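Here is how the chains run, residue by residue.
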Amino acid sequence: FQVLLHDCLIQFLMALMECETCRLEVVCESTRCGDDLCCVGAPPAIGEWNATSAISLQTDPSSFPTWVAPKFPLLKVGAEFKFVIRRKGGSFVWETFSGNRCWPTGVGRGGVISANFGECTVKVLEEGSANDTVPLPGDVLRAIPATTSFRQLSTGRFL
């Protein structure tokens, strides 16, 4: 029963993650037809520096060269990341500036951030709602042991 309850809780919290997102916009003129622009970095939500696990952004002929991730996961302030082009053949082209980008302050639920491929800066276009009063679902998931009982969940005594 506890394992089933834990699995149900994970599914519920994963659904909540959609509420903990912002919009990421990136201008990249370096892609070719069939390529993808992706965001990868240290946090597990964006691949832990594994480009094959990165989050893909989207574009179309009317919005190119702007690429968008409309539901990008909110990251902790200072989290490091970069953009990478996934070529049609499967190879990757990383941004070449030294160091990494850092997730900016002031980005909350529904906020909008913007960047240019190959340039280290990140701009907060819209702040969105504050997210410092509610833990991100991923943080909550890692804090809940699989042996947590229903009673513990209902009282909130599992954290």
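In this report, the structure presented in the accompanying data block is examined. The residue numbers shown here count from 1 along each chain, following its written sequence. In keeping with the model being predicted, local features are shown solely for residues with a pLDDT of at least 70 and side-chain atom pairs are shown and tallied solely at 80 or more, while totals for entire chains, interfaces and linings include all residues. Side-chain numbers here rest on the full set of heavy atoms in the structure, without hydrogens or water.

## Structural notes on the overall build of the protein chain
Only DSSP runs of H or I reaching four residues or more are called helices, and only runs of E reaching two or more are called strands; each is numbered from the N terminus. For the protein chain, the helix and strand inventory stands at 3 helices and 9 strands. From first element to last, N terminus to C terminus, the protein chain shows the α and β order α-β-β-β-β-β-β-β-β-β-α-α. Only protein chains enter the accessibility calculation, which uses a 1.4 Å probe. A residue is then buried if its area is under 20% of the maximum for its type, exposed if over 50%, and partly exposed in between. Taking all 159 residues of the protein chain together, 38% fall into the buried category. Restricting to contacts in the protein chain with at least 6 residues of sequence separation, those with at least 24 account for 58%. Accessibility throughout is a Shrake-Rupley quantity obtained with a 1.4 Å probe, and a residue counts as covered only by protein chains that appear here. Accessible surface, the protein chain: about 9,100 Å² in total, of which carbon and sulfur atoms supply 55%. Here, two residues are considered to be in contact whenever any of their heavy atoms come within 4.5 Å of each other.

## Let's talk about the packing of aromatic side chains
Each aromatic pair joins two rings of Phe, Tyr and Trp (for Trp, the six-membered one) with centres within 6.5 Å, and gets the label stacked for planes under 30 degrees apart, edge-to-face for over 60, and tilted for any other angle. Counted under the stated rule, the structure contains 4 aromatic pairs. Measuring from centroid to centroid gives 6.4 Å for W49 and W94, while their planes differ by 35°, and the two rings are tilted. Highlighted residues: W49 in the loop between β2 (36-41) and β3 (55-56) and W94 in strand β6 (residues 92-94), separated in sequence by 45 residues. Look at W94 and you get partly exposed, because its relative accessible area is 33%. Among the aromatic residues, those joined into a ring-pair cluster are F72, F81, F83 and W103. A positively charged side chain is recorded as over a ring if its NZ (Lys) or CZ (Arg) lies within 6 Å of the ring centre. The angle to the ring normal must also be within 35 degrees. Taking the ring centre of F97 as reference, the NZ or CZ of K82 above it sits at 4.6 Å.

## A few points about the environment of C38
With respect to the helices and strands, C38 occurs in strand β2. Spatially, the C-alpha atom of C38 lies 7.1 Å from that of R86, the residues being 48 residues apart in sequence. Contact partners of C38, with chain neighbours within four places excluded, come to A54, I55, S56, L57, K82, F83, V84 and R86.

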